[in-house]
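Structural characterization, general
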Amino acid sequence: MPAARQAKIFVGEKGSNRTVRISHPGKLTPDEIARIDKVLINDVIKRLTGCACLSGTIDVIWEKDFDKILDVQLGG
């Protein structure tokens with residue numbers, strides 16, 4: 001059975017230049033985009049701004065998952 005398709009929403013630190021990054025498996029269907037938008041608007045943007053508008057205060061970056069991810073040990 002193939003793994004379930006999944007998108008992840010990463011919310012950046014509070015401040016004047018907030019960024020939300022959405023990582024997804026690519027080739028999204030209209031239903032998948034609607035599901036992501038619902039969470040993005042209701043659970044992220046409304047919580048950060050108090051309304052459902054971006055007001056120019058949040059950058060939203062959509063990125064397709066990469067086929068290969070390498071972990072790099074940073075020491076410590």
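To keep things clear, this report deals only with the structure shown in the data block.

**Remarks on the packing of aromatic side chains**
Inspection of every chain in the model, using the stated rule, returns 0 aromatic pairs. Just above the ring of F10 sits the side chain of R21; from NZ or CZ to the centre is 4.2 Å.

**Remarks on helix α1 (residues 30–49)**
At I41, α1 is bent by approximately 35°, the largest bend along its length. The set of residues buried in α1 consists of E32, I36, L40, V44, I45 and L48. Here the buried face of α1 lies against β1 (8–11), β2 (18–24) and β3 (58–64). Residue G50 follows α1 closely and has a positive phi angle near 85°.

**Considering unusual backbone geometry**
For K27, which is not a glycine, the phi torsion comes out positive at approximately 45°. Position of K27 relative to the elements: it lies in the loop between β2 and α1.

**A few points about the pattern of salt bridges**
One pass over the full model with this rule turns up 3 salt bridges. Note that E63 is salt-bridged to R21, the shortest N-O span being 2.6 Å. Separated by 42 residues along the polypeptide, E63 in strand β3 and R21 in strand β2 bring together distant segments of the chain. Relative accessible area serves as the criterion here: at 30%, R21 is assigned to the partly exposed category. As a salt-bridge pair, R35 and D31 come within 3.0 Å of each other at their nearest N and O atoms. A residue pair is termed a helical-turn pair when its members lie 3 or 4 positions apart in one helix, as R35 and D31 do in helix α1 at 4 residues. By relative accessible area, which is 58% here, R35 ends up exposed. What makes D31 partly exposed here is its relative accessible area of 45%.

**A few points about the nonpolar core**
A general feature of soluble globular proteins is that nonpolar side chains tend to end up buried together. Counting 8 residues, the largest nonpolar core consists of V20, I22, I36, L40, V44, I45, L48 and I58. The element best represented in this core is α1, accounting for 5 residues.

Parameters at a glance
Residues numbered from 1 in each chain as written. Predicted model: local features only at pLDDT ≥ 70, side-chain atom pairs only at ≥ 80, totals over all residues. Heavy atoms only, no water. Phe/Tyr/Trp six-rings, centres within 6.5 Å; stacked < 30°, edge-to-face > 60°. Lys NZ or Arg CZ within 6 Å of the ring centre and 35° of its normal. Bend = angle between axes of the 7 residues up to and from the residue. Helix = DSSP H or I, 4+ residues; strand = E, 2+ residues; numbered from the N terminus. Buried < 20%, exposed > 50% of the residue type's maximum accessible area, 1.4 Å probe, protein only. Contact = heavy atoms within 4.5 Å. Salt bridge = Lys/Arg side-chain N within 4 Å of Asp/Glu carboxyl O. Core = buried A, V, L, I, M, F, W, Y, C linked by side-chain atoms within 4.5 Å.

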